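# Understanding the architecture of this molecule
Spelled out from the first residue to the last, the chains are:
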Amino acid sequence: MKNDELWLTLTIAAVWAVLAAVYAFVPSLGMPGYVRVWGGGAVLFLLLAGLLTAIGRKARQG
Amino acid sequence: MPDSRHFTTRRGFIAGLGFGAVSLYGAWAAYGAAPLPFGGKPSATPESDSHGNHDGHGAAEAPAEPAGHGGHGASTGMAPEEFRFEHDAFVRKYAQDDGSMNPHTGGSAHGQHGATAGHAHGADGEPVDVYLMAQKFAYSPDFIRLRTGQPYRFRMMADDITHGASIQLGSGSRIIRLRPNTVTEQTITFTKPGEYLVYCTVYCGQAHDAMQGRIVVG
Amino acid sequence: MSSMSTPFAPAGSRSRLTARIAALPAADKALLKLLFGAALLALALGLAGGFVTALARAGALTFFPDDAYRILTLHGVSVFFYWLYLIQAALLLVLAAAENGRGLALRPVAWLGAALMLAGFGVSEWISATGTPLLYDGSPELAVDDPRSVGFFALGYLLLSAGLVASAVSGIATVLQPRLRGDADEFSSIGFALFAWAGFLVVSAIAATNAFLPGVLWSLGAGPFPADHGTEWHILFHNLHYLPLMATVLVWYVLTEHLTGVKSIHGARMSKIVFAAYLVFVPPTSLYHMFLEPNLSESVRVVGSLLSLFVSVPTLAAFAIIVSSLEASARARGASGLFGWMRGLPWDNPAMANMGWAAVNMMVGITFAFVLIQGELAPLLSDTFFVPGYFHFFAAGVLTQTFLAAMMVMLPAFGGGALWRPAVLTRMPALVTAGLVLFGAAGIAAGFMGVPRRVFDVSYGGVAPAAWPVLMALVGVGATVFAVAIAVTVYGVVRTLLSRRTPAFQASVVDWRAGPDGVGAAPAWTGPLSVAALVAAMYVFTIVAFQLIQSLPIIAVGGGHGH
């Protein structure tokens, strides 16, 4: 289960992206700040997932 | 290898414990504060007001909200300037010699002020309009005389910054938060006579502690 | 009666954690000592501010209103921002460095982070003491005619945020080092928790920037007045609640292993899922802070309440993992009795005492937090003293005691100094809890009665209920008890930080590591019974609140809530 941390990181990014999308596409909620914060968080965790992938590849290549 | 563990030390059970607090939903549903499964709705919906479903509230009934959820948001359809106009008219019309406002005097409060206001007096059981403005560090009006069992449509707004307009009712309070230039509407019926403190529950500056008013219910 | 064998670790032996901390490079130790020291200073300032505030509310001290609210501002800013964020940065870095085994990666970035956070600390304390009192949320509307106060207040938090980002970057780089070296091909559960926590700290910094950058821009004449500050604040505020709770659970994991040798019996994978669950469950559960907002629609209020039911999932799961692991390990070594197994824990170690009482405080805090998350009860409890009445169980009883416990274990390892008077420190958590129980009971009762949370004179010229000042006096007595007990602990931890004395003995630990046969088939009922008691208490106080709100002589409809 070496990929646990990768799929967990991606899950976090996905949940936050959905949350940001809900606040973005339902303007009547009136909370654009949620889009910025959780959207930014989703991007960050996507980057972290990319980092984990890159490090895993590097380790495999020796 | 067979798992010899007792069920209390197994992962599934431990994960289930994490969701233990979710069971509080049962209490909420019992009090009508959460939707029931399969689209059901408890009898004590916010529209009909749960207070009205319990003993000890006297004869007062919660007024029907013709607009469904319309009464639950701040968007009463009233612009801040319109509120200020109606508020000023309310204060002029119902001012009494003792400094109080009594919406049961002086005839129709709103007949001359356009369509946004409701009815005065409430002889037919309809809510009587009451306007309350909060500003540093006072309420306008700060002394209101009302009647037991009569529904009042409180229209409230903070004029400058965020304030509270909470009502102390003896063993507890009704906490109300007002945002500047946002008209909040609540239909309120007092079920017992008494003198109730109105006070600010949102810090608003150095005289926040002194910001108070009163409602006398006869 | 317990008959278990609980071998004590040999005197002078070090756990993996303390051995790795002792072996850190001198430059890392200097940075970490600086951060721990700054965090303790923030805690001391916040504690003093809170103590004076409680005495003023109790009527024992009198201040001019602006001074009173400046003290309240200093209390909130010092404790909720600088104590909790500085200690989180310090713990993230020290645990990451220990996990790495070779110290901090990107050390200059970590130093930059510390410098930025300390600069923010200075700016925030200065403007809180001298500017228009804005309380800890720094609402610009309170100082529309004083942009200087708004700007500097917001600047302090922005510097803190920038420092947090730098610290988190160093922390992430540090926990990735073993993998880059090829020493490991996956995280340990602690390593993953540090990785996720560091990411969450960055998101918290984004939330702070979202809330406070507009204030700086407005004060410089470069942007509009931040009229939406209240909403933006709530996003940050919610993070502010749960980030340190995640840190607390992580510290419990670390301390449990240090104090007993026990790791989770449920495997690293489950622990990783639980730590990830913090980040999954926390964001969607934030709406309960806004139930009194007049603009919030009824549907959002109902959905917000339902989502909030899930906010405790990761914390309760982590609690259950730790308690079941401890109990099962104890029973595998022969412990007996429904709760008797707990007698074998090293209670004479102050870190254990702090952690144990922190768990008790957590159960009390969660109980009342779950009364507040019901939207229909917001018109009874929000903006009242109910809120500080219950959250001090978390802030002081859970977070502060846990982080102080971590320092009691870590600081002696930094310089080889001795823990200050363990026998005294061991007694403080019970005293803290006793004070909190009085503070919380009176405060929660006051909240049920409608006492507002940010008012110094609650008499309202004699119009308010006569019980209000009495309850505030009791709050003051409770605050005195727990503030004194925490102050003693802080003093002891500071003495430990500064200690150069070689310890005469190590604080006791036990070795409960399971043998080759694993944990066996013995049941572990402490966790489920604790959760059952918690749920029962939640039901009781929720029902009390519903009964109370329905007994009020008022029928109300609309205006942002259903009652």
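Given the structure is predicted, the values throughout are model-derived calculations rather than measurements.

Residue and element names in this part refer to chain C. In this fold, threonine 53 is placed in helix 2 (residues 26-57). One polar contact links the side chain of threonine 53 to the main-chain carbonyl oxygen of glycine 49, over a distance of 2.7 Å. Sequence-distant contacts of threonine 53, that is, excluding residues within four places in its chain, are made with Ile71, Leu72 and Phe456.

The next thing to look at is the sheet that holds strand 10 (residues 194-199) of chain B. Residues and elements named next belong to chain B. If you walk across this open sheet you meet the five strands as 3-11-10-6-7, and the pairing is mixed. Each edge of the sheet is formed by a strand with only one pairing partner; in this case those strands are strand 3 (143-146) and strand 7 (173-174). Judged from the six bridges that link them, strand 10 and strand 11 (residues 212-217) form a sheet pairing that is antiparallel. Among the inter-strand pairings, valine 198 is bridged to a residue of strand 11, identified as glycine 213.

Time to look at the confidence of the model for chain B. All names here are of chain B. Across chain B, pLDDT averages 80, with 72% of residues at or above 70. By mean pLDDT, helix 2 (residues 25-30) is the weakest element of chain B at 94, and strand 6 (residues 166-168) is the strongest at 98. Predicted confidence is poor over residues 43-75, with pLDDT under 50, and the contacts of this stretch with residues over four places away or in other chains come to 75 contacts. Counting interchain partners and residues more than four positions distant, the pLDDT-below-50 stretch residues 108-119 has 31 contacts.

It is worth spelling out the nonpolar core at this point. Considering soluble globular proteins, one finds that nonpolar side chains tend to be buried as a cluster. B:Phe190, C:Phe36, C:Phe81 and C:Trp83 are the most contacted members of the largest nonpolar core, which totals 276 residues. Of the residues that make up this core, three or more belong to each of domain 1 (8-42) and domain 2 (74-217) of chain B. Excluding residues that lie within four positions of it along the chain, C:Phe36 makes contacts with C:Ile87, C:Ala90, C:Leu91, C:Val94, C:Met407, C:Met410, C:Leu411 and C:Phe414.

Attention shifts here to the interface of chain C and chain A. Accessible area lost when the parts come together is the quantity often used to give the size of an interface. In this complex, chain C contributes 34 residues to the contact, which on the side of chain A involves 30 residues. Between C:Arg179 and A:Glu5 there is a salt bridge whose closest N-O contact spans 2.3 Å. The interface formed by chain C and chain A includes eight residue pairs in polar contact (both at pLDDT 80 or more). Listed by contribution, the elements that provide at least two residues to the side of chain C that touches chain A are helix 5 (147-181), helix 6 (189-219), helix 7 (229-260) and helix 8 (267-281) of chain C. Residue contributions to the side of chain C that touches chain A peak at ten residues, all from helix 6 of chain C. Grouping the amino acids of the side of chain C that touches chain A by side-chain chemistry returns 23 nonpolar, five polar and six charged.

Across the two faces of strand 1 (residues 554-557) of chain C the burial is the same, with C:Ile554 and C:Ala556 and C:Ile555 and C:Val557 all buried. Taken together, the four bridges between strand 9 (residues 184-190) of chain B and strand 1 of chain C define a ladder with antiparallel strand orientation. Residue B:Phe190 lies in a different strand from strand 1 of chain C, and its bridge partner there is C:Ile554.

Quick look at unusual backbone geometry now. In this model, B:Lys136 is joined to B:Phe137 through a cis peptide bond whose omega is -15 degrees. Tracing the backbone shows B:Phe137 in the loop between strand 1 (128-135) and strand 2 (138-140). Across the junction of B:Ser140 and B:Pro141, the peptide omega takes the value -5 degrees, indicating a cis bond. Summarising the element assignment, B:Pro141 is placed in the loop between strand 2 and strand 3. Even without glycine at this site, C:Leu106 takes up a positive phi of about 50 degrees. As for its position among the elements, C:Leu106 is in the loop between helix 3 (65-100) and helix 4 (107-130). With a relative accessible area of 43%, C:Leu106 lands in the partly exposed category. At C:Leu135, a residue that is not glycine, the phi angle is positive and equals roughly 55 degrees. In this fold, C:Leu135 is placed in the loop between helix 4 and helix 5.

All right, on to the interface of chain C and chain B then. Between chain C and chain B, the contact holds 92 residues from the first and 80 residues from the second. In terms of surface lost to chain B, no three residues of chain C exceed C:Pro553, C:Ile555 and C:Val557, which account for 11% of the buried area on that side. Applying the counting criterion to the chain C and chain B interface returns three salt bridges. It is helix 16 (residues 526-551) of chain C that provides the largest number of residues to the side of chain C that touches chain B, a total of 14 residues. Split by residue class, the side of chain C that touches chain B holds 58 nonpolar, 25 polar and nine charged.

Residue and element names in this part refer to chain C. Following the criterion strictly, the structure yields eight cavities of 30 Å³ or more and no others. Looking at the largest cavity, it is lined by 31 residues, and the ones nearest its centre are Gly50, Leu72, His75, Phe391 and His392. It is helix 2 that contributes the most residues to the lining of the largest cavity, eight residues altogether. Space inside the second largest cavity adds up to approximately 220 Å³. Lining the second largest cavity are 16 residues, with Leu240, His241, Phe391, Phe394 and Leu399 sitting closest to its centre.

Thresholds, definitions, all that
- Residues numbered from 1 in each chain as written.
- Chains lettered and ligands numbered in written order.
- Predicted model: local features only at pLDDT ≥ 70, side-chain atom pairs only at ≥ 80, totals over all residues.
- Heavy atoms only, no water.
- Helix = DSSP H or I, 4+ residues; strand = E, 2+ residues; numbered from the N terminus.
- Polar contact = N/O pair within 3.5 Å; in protein donor to acceptor, adjacent residues only side chain to side chain.
- Contact = heavy atoms within 4.5 Å.
- Pairing = 2+ DSSP bridges.
- pLDDT = per-residue confidence, 0-100.
- Core = buried A, V, L, I, M, F, W, Y, C linked by side-chain atoms within 4.5 Å.
- Buried < 20%, exposed > 50% of the residue type's maximum accessible area, 1.4 Å probe, protein only.
- Domains from an automatic or database assignment.
- Salt bridge = Lys/Arg side-chain N within 4 Å of Asp/Glu carboxyl O.
- Nonpolar A, V, L, I, M, F, W, Y, C, P; charged D, E, K, R; others polar.
- Buried area = accessible area lost by both parts, 1.4 Å probe.
- 1 Å grid on protein atoms, 1.4 Å probe; cavity = no way out; pocket = protein on both sides within 12 Å on 5 of 7 lines; lining within 4 Å.
- Points joined across faces, edges and corners; volume = space filled by probe spheres on them.

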